[in-house]
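A look at the structure
What follows is each chain in one-letter form.
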Amino acid sequence: MAKTFITDRELRFGDCDISGTAYFPSYLNLLNGVNEEFWAHIGYPWHEIIWKERWGTPTVHLTCDFSIPSLFGQTLTFELRVVRVGRSSVTFKHDISCAGEKRWNSTQVLAASDLDKHTSIPWPDAVRATLEGYLEPQ
């Protein structure tokens, strides 16, 4: 059974433009924070894998569709699902809502990367097993 990682983020003043509407670059920064929280949740906090193990998970592909604007002070709910695990990549599907109303979604591909050689690497076996535990059935 696939698992969904769910977390909330409040839109702060710095996330919005002068009209109080969420600014899309801030959305991507929030999304990155959700990713970081997910990796810590599954046992691979970035500060450990980056500094101690010397591998990371850079984004190699990202698409976003925006449905309805979000405003300063609103709380967004991020739902992260794993939809594909490759040899050295993982595809996340993000659905973002506010009070049950869809605001935007994203599909994101991250790659396992050796931070010293700047090349992709296969997922370590334990990481692959953990990601596959979140994999959505096809």
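Presented here is a report on the structure given in the accompanying data block. This one's a predicted model, so the numbers in the text were calculated from it and none came from an experiment. The residue count restarts for each chain, going from 1 along the sequence in the order it is written. Two thresholds apply to this predicted model, a pLDDT of at least 70 for residue-level local features and 80 or more for giving and counting side-chain atom pairs, whereas whole-chain, interface and lining totals are computed over all residues. Side-chain measures here rest on the full set of heavy atoms in the structure, leaving out hydrogens and waters.

Another point: the sheet that holds strand S1 (residues 5-10). In this description, strands pair whenever DSSP reports at least two bridges between them. We count a stretch as a helix when DSSP gives it H or I for four or more residues in a row; a strand needs E for two or more, and each element gets its number in order from the N terminus. The strand order across the open sheet built from five strands is S1-S4-S5-S6-S3, with neighbouring strands paired in antiparallel fashion. Sheet topology places S1 and strand S3 (59-66) at the edges, where each strand pairs with a single neighbour. Strand-to-strand twist across the sheet, computed as the mean angle between neighbouring axes with direction ignored, equals 20°. In this sheet, strand S6 (residues 101-111) lies alongside S3 in antiparallel orientation, the contact comprising seven bridges. Bridging across to S6, Asp65 finds its partner in Asn105. What makes two residues a contact is simply this: any of their non-hydrogen atoms within 4.5 Å. Lines fitted to the C-alpha atoms define the axes, with helices restricted to the stretch that makes contact. Angles between their N-to-C directions range from 0 to 180 degrees. Running over the sheet, helix H1 (residues 24-41) touches S1, S3, strand S4 (75-85), strand S5 (89-98) and S6 and is turned about 140° from S1.

Position of Ala112 among the secondary structure elements: in the loop between S6 and strand S7 (113-114). Expressed as a C-alpha distance, the spacing of Ala112 and Phe24, which sit 88 residues apart in the sequence, is 26 Å.

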